[in-house]
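Listed below, chain by chain, are the residues.
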Amino acid sequence: MSEEKSLNFIEDIIEADLAAGKYNSIVTRFPPEPNGYLHMGHATAICLNFGLTKKYPGYTNLRFDDTNPVTEDTEYVDSIKEDIKWLGFEWKNELYASDYFGDLYQYAVKLIDKNLAYVDDLSSEEIATGKGTPTEPGTNSPFRERSVAENLDLFARMKAGEFPDGSRTLRAKIDMAHTNMLMRDPLLYRIKHAHHHRTGDEWCIYPMYDFAHGQSDSIENITHSICTLEFIPHRELYDWLIEKLGIYPSHQYEFARRNLSYTVMSKRKLLQLVNDKHVNGWDDPRMPTISGMRRRGFTAQSIRKFCDTIGIAKRENVTDFSLLEFCLREDLNQSALRVMAVLDPVKLIISNYEDGRTEELSSDNGPDETTGTRMIPFSKELWIEREDFMEEAAKKWFRLAPGAMVRLKSAYIVRCDSFEKDAEGNVTEIHATYFPESRSGADTSGLHVKGTIHWVSAKEAVSAEVRLYDRLFKVENPSSEEGDFKDYINPDSLSVVKAFVEPSLKGARLDQRFQFLRKGYFCLDKEATPGHLIFNRTVTLKDAWAKEAKKN
RNA sequence: UGGGUUAUGGUGUAAAGGUAGCACAACAGAUUUUGAUUCUGUUUGUCUAGGUUCGAAUCCUAGUAACCCAACCA
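Small disclaimer: the values here were computed from a predicted structure and weren't measured. (Residues numbered from 1 in each chain as written. Chains lettered and ligands numbered in written order. Predicted model: local features only at pLDDT ≥ 70, side-chain atom pairs only at ≥ 80, totals over all residues. Heavy atoms only, no water.)

Quick look at the domain arrangement of chain A
Turning to step 1, where the next piece is worked out: Partitioning chain A into domains gives domain 1 (9-255), domain 2 (278-304 + 312-338 + 464-551) and domain 3 (345-454).
Turning to step 2, where the next piece is worked out: Listed by partner, the interface residues are 18 residues for domain 1 and 15 residues for domain 2.
Turning to step 3, where the next piece is worked out: Buried area between domain 1 and domain 2, both sides added, is near 1,700 Å², and the carbon and sulfur share of it is 74%.
Turning to step 4, where the next piece is worked out: For the domain 1 face of the interface with domain 2, the top three residues by lost area are Y37, M40 and W86, together amounting to 39%.
Turning to step 5, where the next piece is worked out: If you look at where domain 1 meets domain 2, you find 2 salt bridges.
Turning to step 6, where the next piece is worked out: Across the pair D83 and R294 runs a salt bridge whose closest N-O atoms are separated by 3.0 Å.
Turning to step 7, where the next piece is worked out: Taken together, the connections running from domain 1 to domain 2 amount to 4 residue pairs in polar contact (both at pLDDT 80 or more).
Turning to step 8, where the next piece is worked out: Of all elements in the fold, only α1 (9-19), α2 (40-55), α3 (74-87) and β9 (251-255) reach the threshold of two or more residues within the side of domain 1 that touches domain 2.
Turning to step 9, where the next piece is worked out: Looking at the side of domain 1 that touches domain 2, the element that brings in the most residues is α2, giving 5 residues.
Turning to step 10, where the next piece is worked out: Its residues assigned to classes, the side of domain 1 that touches domain 2 comprises 13 nonpolar, 2 polar and 3 charged. (Domains from an automatic or database assignment. Contact = heavy atoms within 4.5 Å. Buried area = accessible area lost by both parts, 1.4 Å probe. Salt bridge = Lys/Arg side-chain N within 4 Å of Asp/Glu carboxyl O. Polar contact = N/O pair within 3.5 Å; in protein donor to acceptor, adjacent residues only side chain to side chain. Helix = DSSP H or I, 4+ residues; strand = E, 2+ residues; numbered from the N terminus. Nonpolar A, V, L, I, M, F, W, Y, C, P; charged D, E, K, R; others polar.)

Put into structure tokens, the structure is as follows:
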């Protein structure tokens, strides 16, 4: 029973902290900014933070980092909560950095009192110039030595709304020559006369990330504050502020963000794809957003498994999309109902089958006996997949060709006798004879065939729109290519076909997952209506024949 | 060219001085009424150069490469 899995470096730290008695239980948080939809990158952070407190005593908060009123909205708050729940996690407290605006203001006053912060009248450009460069020290602002009293007065008036946007800021007084650019008197507060999605017009000064995140962690007694690598330089400031403020010492730890091949994973880029209409919204099934993947048919289980499998570390990485697909197929293989659907239909006519006769045949719903069986109609005229027929059989071809025999899944063995073509050379119909004594489950024919193909009875077939998705980008890492990442969009990432599906699919529900036999895993799309079935292809099946065919 | 972070098969991740392991991918075979699943096997790796040690992915020295930092974004 003891599944031995080695610990990641954060678990190492936590176990050491727990063993040393530093904490009896831990508190983590997932801190999204509500300015966009969650994507696979967030899924890693969610699985990590919530997973840690499933494994160790403690809990995880959901905290919205809503300190920038101009980009944030409650629409995003709602979608984020929905996505986390769907992934299967529960937060202890739903909190907002904006809940702490009052505390944060008092912290700022405290810093001013200790002569560790000052009001600066410099413009944005002047401050940037004064910062220096990574190789040259910055210069002190002429306002750096204002008296505590003056700073207190000015900061109060900033809060009172006496000054326009951008006219003044509050800065920490640290060291303009520090080798860490972030320690060169970082901005703590800026003036923004903007409406906030929760505090409305109560505030016109808003704290910067660095004066909100660590303080919020501290207020919530977060023990392990986990973020991505690019925040490493912030840690020094994070610690400095906590120390000077004398508040609860949360600690920041950083891991490498996860990248996935053939897609992009930044809110900025995803927003561009949406705005430029390369996709149809944030939940387009081609998007690496949680909502897009959910609509595509991914299961929460498969995403959790994937995050668990790739683990966490501190090095640059691009994980193969095929690993995600593996986790997906592994889950779907167990849960998906087997059904038959023909995506590129061509007619198969069984010459020796009685006109007008319909037979109900039993077919398995799943990979084992537990999922039961259902009845499907069989008749003289069937739809079969165009690619299952070749005018001249290739090497190792197990499917239909003149003179060749195949089994029709759950039905009879047939032999192809002839076929017809139209003026353009397209095969229009295929004629075959069937062997009555070869019926599935009661086969006394003694015949053996290597191929089994799927089919749908033409008379009972239901037509459906099927959306076939492929990878969104043509290259593994669009962000690291020359030029604009959008130049590498795969123009064939979506193709829509008109298919014939077996009648049982008329009752398909949104929460069901199907395996269209030999074609892949599919799910009903939310745009489907009772009269118009729409299916999304979640992922194809592995296809050994496609590889074989490529070789020849 | 200042500071910081990271280097293990094609990819992701283990090995806390003691047999370089696991998964994906790839390849080969067996089973199969899904060319799926399942099962078996194979190929491929410690950034480089020195050093310490009986023994180094791990410790030391010197290099090299990649990424991050100069937003009133987070």
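Structure shown, so let's carry the discussion forward.
Here's the deal with the layout of surface pockets
Turning to step 1, where the next piece is worked out: Here the largest pocket is characterised by a volume of approximately 780 Å³.
Turning to step 2, where the next piece is worked out: Taken together, 29 residues line the largest pocket, and the ones lying closest to its centre are P31, E33, H42, F231 and R257.
Turning to step 3, where the next piece is worked out: The set of elements that each furnish at least two residues to the lining of the largest pocket consists of β1 (26-30), α2 and β8 (224-228).
Turning to step 4, where the next piece is worked out: At 5 residues, α2 tops the list of elements feeding residues into the lining of the largest pocket.
Turning to step 5, where the next piece is worked out: In terms of residue class, the lining of the largest pocket is built from 10 nonpolar, 11 polar and 8 charged.
Turning to step 6, where the next piece is worked out: Here the second largest pocket is characterised by a volume of approximately 650 Å³.
Turning to step 7, where the next piece is worked out: Forming the walls of the second largest pocket are 26 residues, and the residues nearest its centre are E387, R399, R518, K519 and D543.
Turning to step 8, where the next piece is worked out: Top element by residues in the lining of the second largest pocket is helix α13 (residues 544-551). It accounts for 4 residues. (1 Å grid on protein atoms, 1.4 Å probe; cavity = no way out; pocket = protein on both sides within 12 Å on 5 of 7 lines; lining within 4 Å. Points joined across faces, edges and corners; volume = space filled by probe spheres on them.)

Here we look at the pattern of salt bridges
Turning to step 1, where the next piece is worked out: The full count for this structure, using the stated rule, is 44 salt bridges.
Turning to step 2, where the next piece is worked out: Notably, a salt bridge pairs D443 with R407, separated by 2.8 Å at the nearest N-O pair. Of this pair, D443 sits in the loop between β18 (427-434) and β19 (452-453) while R407 sits in strand β16 (residues 405-408), and the two are 36 residues apart along the sequence.
Turning to step 3, where the next piece is worked out: By relative accessible area, which is 33% here, D443 ends up partly exposed.
Turning to step 4, where the next piece is worked out: Residue classification places R407 among the buried residues on the basis of a relative accessible area of 15%.
Turning to step 5, where the next piece is worked out: Here D511 makes a salt bridge to R509, at a shortest N to O gap of 3.0 Å. (Buried < 20%, exposed > 50% of the residue type's maximum accessible area, 1.4 Å probe, protein only.)

A short note on helix α12 (residues 321-335)
Turning to step 1, where the next piece is worked out: The first and last C-alpha atoms of α12 sit 21 Å apart over 15 residues, in line with the 21 Å expected at 1.5 Å per residue.
Turning to step 2, where the next piece is worked out: Regarding α12, the residues found buried are F321, L324, E325, C327, L328, R329, D331 and L332. (Expected span 1.5 Å × (residues − 1).)

Digging into the protein's contact with RNA strand B
Turning to step 1, where the next piece is worked out: Close contacts around RNA strand B come from 63 residues, with G166, R338, R399, S440 and Q515 the closest.
Turning to step 2, where the next piece is worked out: Sugar and phosphate atoms represent 63% of those atoms of RNA strand B found within 4 Å of the protein.
Turning to step 3, where the next piece is worked out: Within the side chain of S124, a nitrogen or oxygen atom sits 3.1 Å from a phosphate oxygen of RNA strand B.
Turning to step 4, where the next piece is worked out: Here a sugar or linking oxygen of RNA strand B sits 3.1 Å away from a polar atom, N or O, in the main chain of V318. (Near = heavy atom within 4 Å.)

So, the sheet that holds strand β21 (residues 462-469)
Turning to step 1, where the next piece is worked out: The sheet built from 7 strands is open, its strands ordered β10-β23-β24-β25-β21-β22-β11 with mixed pairing. Each edge of the open sheet is held by one strand with a lone partner, namely β10 (337-339) and β11 (341-342).
Turning to step 2, where the next piece is worked out: Alignment of strand β24 (residues 520-524) against strand β25 (residues 533-539), held across 4 bridges, turns out to be antiparallel. Looking at β25, one finds that F522 is bridged to R537.
Turning to step 3, where the next piece is worked out: Packed onto the sheet, α12 meets β10, β24 and β25 and runs at close to 125 degrees relative to β25. (Pairing = 2+ DSSP bridges. Axes fitted to C-alpha atoms, helices over the stretch in contact; angles between N-to-C directions.)

Comments concerning the sheet that holds strand β4 (residues 117-120)
Turning to step 1, where the next piece is worked out: Read across the open sheet, the 4 strands follow the order β4-β5-β6-β7; overall the sheet is antiparallel. At either end of the open sheet lies a strand with only one pairing partner, and these are β4 and β7 (205-207). The average undirected angle you get between the axes of adjacent strands in this sheet is 20 degrees.
Turning to step 2, where the next piece is worked out: Across 3 bridges, strand β5 (residues 169-172) lies against strand β6 (residues 187-191) in antiparallel orientation. Across the sheet, T169 pairs through a bridge with R190, a residue of β6.
Turning to step 3, where the next piece is worked out: Its contacts with the sheet put helix α4 (residues 101-113) on β4, β5, β6 and β7, and the angle it makes with β6 is roughly 120 degrees.

A closer look at the environment of D320
Turning to step 1, where the next piece is worked out: Structurally, D320 can be placed in the loop between α11 (300-310) and α12.
Turning to step 2, where the next piece is worked out: Distance in space between the C-alpha atoms of D320 and Y262 is 8.5 Å, their sequence separation being 58 residues.
Turning to step 3, where the next piece is worked out: Setting aside residues up to four positions removed in sequence, D320 forms contacts with L260 and S261.

Concerning the nonpolar core
Turning to step 1, where the next piece is worked out: Membership of the largest hydrophobic core comes to 43 residues, with the highest contact counts inside it found for F30, M40, I46, L52, I84 and I303.
Turning to step 2, where the next piece is worked out: Contributions of two or more residues to this core are made by α1, β1, α2, β2 (58-64), α3, α10 (290-296), α11 and α12.
Turning to step 3, where the next piece is worked out: Per-domain counts for this core show at least three residues from each of domain 1 (9-255) and domain 2 (278-304 + 312-338 + 464-551).
Turning to step 4, where the next piece is worked out: Those residues in contact with I303 that sit more than four places away from it in its chain are M40, A43, W86, L87, M293 and F298.
Turning to step 5, where the next piece is worked out: Judged by nonpolar contacts, the second largest core, of 37 residues, contains F101, Y105, L116 and F211. (Core = buried A, V, L, I, M, F, W, Y, C linked by side-chain atoms within 4.5 Å.)

Focus: the side chain of T538
Turning to step 1, where the next piece is worked out: Mapped onto the elements of the fold, T538 is located in strand β25.
Turning to step 2, where the next piece is worked out: Contact partners of T538, with chain neighbours within four places excluded, come to R296, G297, F298, L328, L332, Y521, F522 and C523.

Digging into the side chain of T199
Turning to step 1, where the next piece is worked out: As for its placement among the helices and strands, T199 is situated in the loop between β6 and β7.
Turning to step 2, where the next piece is worked out: Given the relative accessible area of 14%, T199 is considered buried.
Turning to step 3, where the next piece is worked out: Each residue touching T199, except ones within four places of it in the same chain, is listed here: S98, F101 and Y206.

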